[in-house]
Each structure stands twice: as structure tokens, then as C-alpha cells.
Amino acid sequence: MPTDRLYTIPEVAERLRHGRTRVYQLIHEGRLPSVVVGPRARRVRESDLQAFIASLDDGGLARRQNGAA
């Protein structure tokens, strides 16, 4: 069974081009799942990060590119 890569919070922040505080906020809001791997260590699974990115609204870009509104 393949396993997901686990990203650190700074790695997630870099991928999302946000600060660590925003990543923790997303986790706290329940929008970005994470796992605890130690007393002060939290990680985000690659599959959860990809799902979060896929869920983001593109601001209507896809509709504009397809000729709709």
C-alpha cells in the first residue's frame, strides 16, 4: 500500500505561498487536515494538500476561458 508523503508546516506554507500562520489557521478551521506526529510536530499528508488545492475556487477563471460569463 503506497503511503502519502508528510509535509511540514513550512513546506505546506511554501507550496501554498502563504505564511505558517495562515496554514495553521486553515488547519484550525478544518479546511486542511493534518496529523500529529509528536508532542510539538504536525504534518499534512500529500493527498490532503492536493485535495485542498483542488478545492480552491479559481475566481471564475475556468468559466471565462470556456467563453461563459
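Keep in mind that this is a model prediction, so the values were computed, not measured. (Residues numbered from 1 in each chain as written. Predicted model: local features only at pLDDT ≥ 70, side-chain atom pairs only at ≥ 80, totals over all residues. Heavy atoms only, no water.)

Peer 1: Can you tell me about the pairing of strand β3 (residues 41-45), naming the residues and giving the values?
Peer 2: Note: strand β1 (residues 6-8) against β3, three bridges, orientation antiparallel. In the sheet register, Leu 6 faces β3, and the bridge partner there is Arg 45. As paired strands, strand β2 (residues 35-38) and β3 are joined by three bridges and run antiparallel to one another. For Val 36, the partnering residue across the bridge sits in β3 and is Arg 42. (Pairing = 2+ DSSP bridges. Helix = DSSP H or I, 4+ residues; strand = E, 2+ residues; numbered from the N terminus.)

Peer 1: Pulling in residues and values, what's your account of the pattern of salt bridges?
Peer 2: Enumeration according to the criterion identifies four salt bridges in this entry. A salt bridge links Glu 11 to Arg 5; its shortest N-O distance comes to 3.3 Å. The residue Glu 29 makes a salt bridge to Arg 22 at a minimum N-O spacing of 3.9 Å. A residue is classified by how much of its surface remains accessible, and Arg 22, at 27% relative accessible area, is partly exposed. Sharing partners across several salt bridges, the network here consists of Arg 22, Glu 29 and Arg 31. (Salt bridge = Lys/Arg side-chain N within 4 Å of Asp/Glu carboxyl O. Buried < 20%, exposed > 50% of the residue type's maximum accessible area, 1.4 Å probe, protein only.)

Peer 1: Hey, could you go over the packing of helix α1 (residues 9-16) against helix α2 (residues 20-28) for me, with residue numbers and the actual values?
Peer 2: Where α1 meets α2, the axes come as close as 9 Å, and the angle between the chain directions of the two elements is 100°. Considered as vectors, α1 and α2 are oriented roughly perpendicular to each other. Here Ile 9, Pro 10, Val 12, Ala 13 and Leu 16 of α1 lie close against α2, whose contacting residues are Arg 20, Val 23, Tyr 24, Leu 26 and Ile 27. Taken together, the residues of the contact of α1 with α2 sort by class into nine nonpolar, no polar and one charged. (Axes fitted to C-alpha atoms, helices over the stretch in contact; angles between N-to-C directions. Parallel < 35°, antiparallel > 145°, perpendicular 65-115°, else oblique. Contact = heavy atoms within 4.5 Å. Nonpolar A, V, L, I, M, F, W, Y, C, P; charged D, E, K, R; others polar.)

Honestly, that's just the spatial picture; any functional story needs more than this.
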